[in-house]
Amino acid sequence: MSDQLATAAAAPVAFSTTLDARVLRHDPQWGMSTLYFGDGELRVPMVAAPVDTGVRVTIDARDVAVALTRPMDVSITNRLPGTIVAVERLAAPYARVTFDLGATRLDALVTWESVERLALEPGLSAWAMIKSVAIGSEAVRPADLPTPRRWPVVGNPDRAPR
């Protein structure tokens, strides 16, 4: 093996995005849960958390694909519109594409070839696609989200919020 191939093989590229989300619903028929985060919803394999509780989701950049038009006839369930804010060329053949989804930055790991073929560049509107099965149980875990502040009961001004 050449030195260049040995170096590439020794240094795997890994980026991920961590989101705090809320469980919206469970769909036992499909074995899926719907999570809400600030910029949309994610469909994931059923999570062991009650509805309306917080979870933390980690999405590996290698599990994010890029589409230039709204993806319709694809099996990928999670399709999020955004704007590409950065394209970083890494060690061959990888490139890191960063999406701005609104309040969230999401990384995708693609090849130099894909960057060239799709003419990916900052400012371009595109779709981030994440396979539901890529967000397995190890990627969704209970979050330490703050609980909302309780408001005083109406009609009892002496009762302080908890």
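Residues numbered from 1 in each chain as written. Predicted model: local features only at pLDDT ≥ 70, side-chain atom pairs only at ≥ 80, totals over all residues. Heavy atoms only, no water.

K.L.:
Explain the environment of V51 residue by residue, including any values.
P.N.:
Take V51: it is sitting in the loop between β3 (40-45) and β4 (54-60). Expressed as a C-alpha distance, the spacing of V51 and S33, which sit 18 residues apart in the sequence, is 9.3 Å. (Helix = DSSP H or I, 4+ residues; strand = E, 2+ residues; numbered from the N terminus.)

K.L.:
Could you give an account of the sheet that holds strand β5 (residues 64-67), naming the residues involved and the relevant values?
P.N.:
Here 5 strands make up an open sheet; going across it, the order is β5-β9-β6-β7-β8 and the pairing antiparallel. Here the strands that pair on one side only, and so sit at the sheet edges, are β5 and β8 (105-111). If you compare each strand with its neighbour and ignore which way they point, the axes differ by 45° on average. Of the pairings in the sheet, the one linking strand β6 (residues 78-89) to strand β9 (residues 125-130) comprises 6 bridges and is antiparallel in character. Across the sheet, residue P81 finds its bridge partner in β9, namely W127. (Pairing = 2+ DSSP bridges. Axes fitted to C-alpha atoms, helices over the stretch in contact; angles between N-to-C directions.)

K.L.:
Residues and numbers for the pattern of salt bridges, please.
P.N.:
For the structure shown, the criterion picks out 6 salt bridges. A salt bridge links R25 to D27, with the nearest nitrogen and oxygen atoms 3.8 Å apart. What makes R25 partly exposed here is its relative accessible area of 38%. Bridged by salt links that share partners, the residues R25, D27 and R43 form one connected network. (Salt bridge = Lys/Arg side-chain N within 4 Å of Asp/Glu carboxyl O. Buried < 20%, exposed > 50% of the residue type's maximum accessible area, 1.4 Å probe, protein only.)

K.L.:
Can you explain the sheet that holds strand β2 (residues 32-37)? Please cite residues and give values.
P.N.:
Across the sheet, which stays open at both edges, the 5 strands sit in the order β3-β2-β1-β4-β10 with antiparallel pairing between neighbours. A single partner strand is all that each edge strand has here, and the edge strands are β3 and β10 (140-142). Here the average twist between neighbouring strands, direction ignored, is 40°. Of the strand pairs in this sheet, β2 and β3 are connected by 6 bridges, and their pairing is antiparallel. Note on β3: the bridge partner recorded for S33 is V44.

K.L.:
Tell me what's going on with the side chain of R43, and back it up with residues and numbers.
P.N.:
Checked against the element boundaries, R43 lands in strand β3. On the accessibility criterion, R43 (18% relative accessible area) is buried. Separated by 2.5 Å, the side chains of R43 and D27 make a polar contact. Discounting residues that sit within four places of it in the chain, R43 has contacts with D27, W30, M32, S33, T34, T77, N78 and S132. (Polar contact = N/O pair within 3.5 Å; in protein donor to acceptor, adjacent residues only side chain to side chain. Contact = heavy atoms within 4.5 Å.)

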